[in-house]
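# Observations on chain architecture
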Amino acid sequence: MSKYWSEITKNIEPYVCGEQPKDKKYIKLNTNENPYPPSPKVIEAIKNAANEDLRLYPDPNCDELRETIAKYYKLDKKQVFIGNGSDEVLAFSFLTFFNQDEDIIFPDISYSFYPVYAKLYKLDYRLAKLKEDFSINVEDFLCENGGVIIPNPNAPTGRTLDIEAIKRILEYNSNKVVIIDEAYVDFGGESVVKLIKDYSNLLVVQTLSKSRSLAGIRIGFALGQEELIDGLNRIKNSMNSYTVDRIAAKAAVAAIEDETYFKECASKIVNTRERVVEGLKKIGFEVIPSKANFIFASHPEINGEKLFLILRENGLLVRYFNKPRINNYLRITIGSEEEMGIFLEKLKMIVAEIISKDK
Ligand SMILES: *Cc1c(COP(=O)(O)O)cnc(C)c1O
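Residues numbered from 1 in each chain as written. Predicted model: local features only at pLDDT ≥ 70, side-chain atom pairs only at ≥ 80, totals over all residues. Heavy atoms only, no water.

As annotated in an unreviewed UniProt entry, the protein chain carries the name Histidinol-phosphate aminotransferase and comes from Clostridium pasteurianum BC1. Under Subunit (unreviewed entry), UniProt gives the following word-for-word description of the protein chain: "Homodimer." (UniProt positions renumbered as here; feature names shortened; annotations may be inferred.)

## Considering the pattern of salt bridges
Throughout the structure, instances matching the rule amount to 21 salt bridges. For the salt bridge of glutamate 7 with lysine 10, the shortest nitrogen-to-oxygen distance reads 3.3 Å. Pair noted here: glutamate 7 and lysine 10 are both in helix H1 (residues 7–11), with a separation of 3 residues, about one helical turn. Of the residues examined, lysine 10 reaches a relative accessible area of 28% and is grouped as partly exposed. (Salt bridge = Lys/Arg side-chain N within 4 Å of Asp/Glu carboxyl O. Helix = DSSP H or I, 4+ residues; strand = E, 2+ residues; numbered from the N terminus. Buried < 20%, exposed > 50% of the residue type's maximum accessible area, 1.4 Å probe, protein only.)

## Structural notes on the domain arrangement of the protein chain
If you check the domain split of the protein chain, you get domain 1 (7–37 + 260–358) and domain 2 (40–257). Taken residue by residue, the interface counts 31 residues in domain 1 and 35 residues in domain 2. Here domain 1 and domain 2 share an interface that buries about 2,700 Å² over both sides, 64% of which is from carbon and sulfur atoms. Where domain 1 meets domain 2, there are 2 salt bridges. As a salt-bridge pair, glutamate 13 and lysine 119 come within 3.9 Å of each other at their nearest N and O atoms. Our count for the domain 1 to domain 2 interface comes out at 9 residue pairs in polar contact (both at pLDDT 80 or more). Those elements that provide at least two residues to the side of domain 1 that touches domain 2 are helix H9 (259–282), strand E10 (294–298) and strand E13 (329–333). The greatest single-element share of the side of domain 1 that touches domain 2, amounting to 7 residues, is contributed by H9. (Domains from an automatic or database assignment. Contact = heavy atoms within 4.5 Å. Buried area = accessible area lost by both parts, 1.4 Å probe. Polar contact = N/O pair within 3.5 Å; in protein donor to acceptor, adjacent residues only side chain to side chain.)

## As for the sheet that holds strand E9 (residues 286–287)
Strands sit in the order E9-E10-E13-E12 across an open sheet of 4 strands; the sheet is antiparallel. The strands lining the two open edges of the sheet, one partner per strand, are E9 and strand E12 (319–320). Pairing geometry for E9 and E10, over 2 bridges, is antiparallel. Bridged to valine 287 within E10 is alanine 297. (Pairing = 2+ DSSP bridges.)

## Notes on the nonpolar core
Counting residues in each nonpolar core, the largest one holds 57 residues, and the members touching the most others are Ile69, Ile82, Ile169, Leu202, Ile219 and Leu223. No other element matches the 8 residues that helix H8 (residues 246–257) contributes to this core. Residues from two domains meet in this core; each of domain 1 (7–37 + 260–358) and domain 2 (40–257) gives at least three. Other than its neighbours up to four places away in sequence, isoleucine 219 contacts Leu65, Ile82, Gly83, Gly85, Ser86, Thr207, Leu208, Ser209, Val244, Ala248, Ala249 and Ala252. Listed in part, the 38 residues of the second largest apolar core include Ala266, Leu311, Tyr320 and Phe343. (Core = buried A, V, L, I, M, F, W, Y, C linked by side-chain atoms within 4.5 Å.)

Below is the structure:
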């Protein structure tokens, strides 16, 4: 604590990311990164973009990238907003669409950045308590509120909300913005981008960090009707007009254009996920059904935190949240086929050892 800090700085509780350890080599399954490299065309585009033009500011409107994304999703360029990772897009969205004296609503078990943004902007919020099986109770969102945000698939549970439920939420809240955070939608979920034409209050947020293997370049985007996108631009241009650099914008264009490569990687991950779910169930884990590139699992006979620490000692890094209702769960990112083979082998031995010791 410093006397120089503003009241906001003193009171904020910053988000804590999953660690990026440097002490030894881990099988890193803790931050939902893609185990496969970005498309070779992306690497090529980055090399080509490393040129003398870097002395110039980038295009503040990211026109080329917006056109590429608009074409991919059959939208108009005016319905696309680009940001420095979807975390930035989300941060701008909270400021653009939510008011201080009206509660916004999001699930109690959800992306832990949402409460951080809410507190940063002094927004009140209500938590919609997920059911015991971690599914969303739609009724919780059919009430007076200042706006809604839901990740679909949800993080860290991996569960999806069906499109009819999202429609009900959009219809009930027609005067408020409903943000659907589709960070993981490419691993088997159903996108609501197709609803944009019918719902002026729908904002869909996506990222290149997960399904397109580009967590390292920081590109996220929002899709919605023009009036929502105009609002986002007002906020962005009141903070920093150049949030996306020349190299990242070129890389992102190449990533979106190489659809074949992206689909191949996503489908490999989905296949591996299904195999890992089966493997975990065989050794006694309870696994929440996932449509994401991670799974959320707990073992009825083993303490989650203890297991997390033992895995870590054994070079297997997963994510553990010491929070009510989920403190016996591990969130396991789906790595490559090979990594997950090693993971399951080692986990099997660790589980057998813990259980035999406890008996
Ligand atoms: C990873 C993640 C994001 C942020 O991704 P960026 O890397 O900032 O684009 C946003 N929402 C959810 C639910 C996520 O898991």
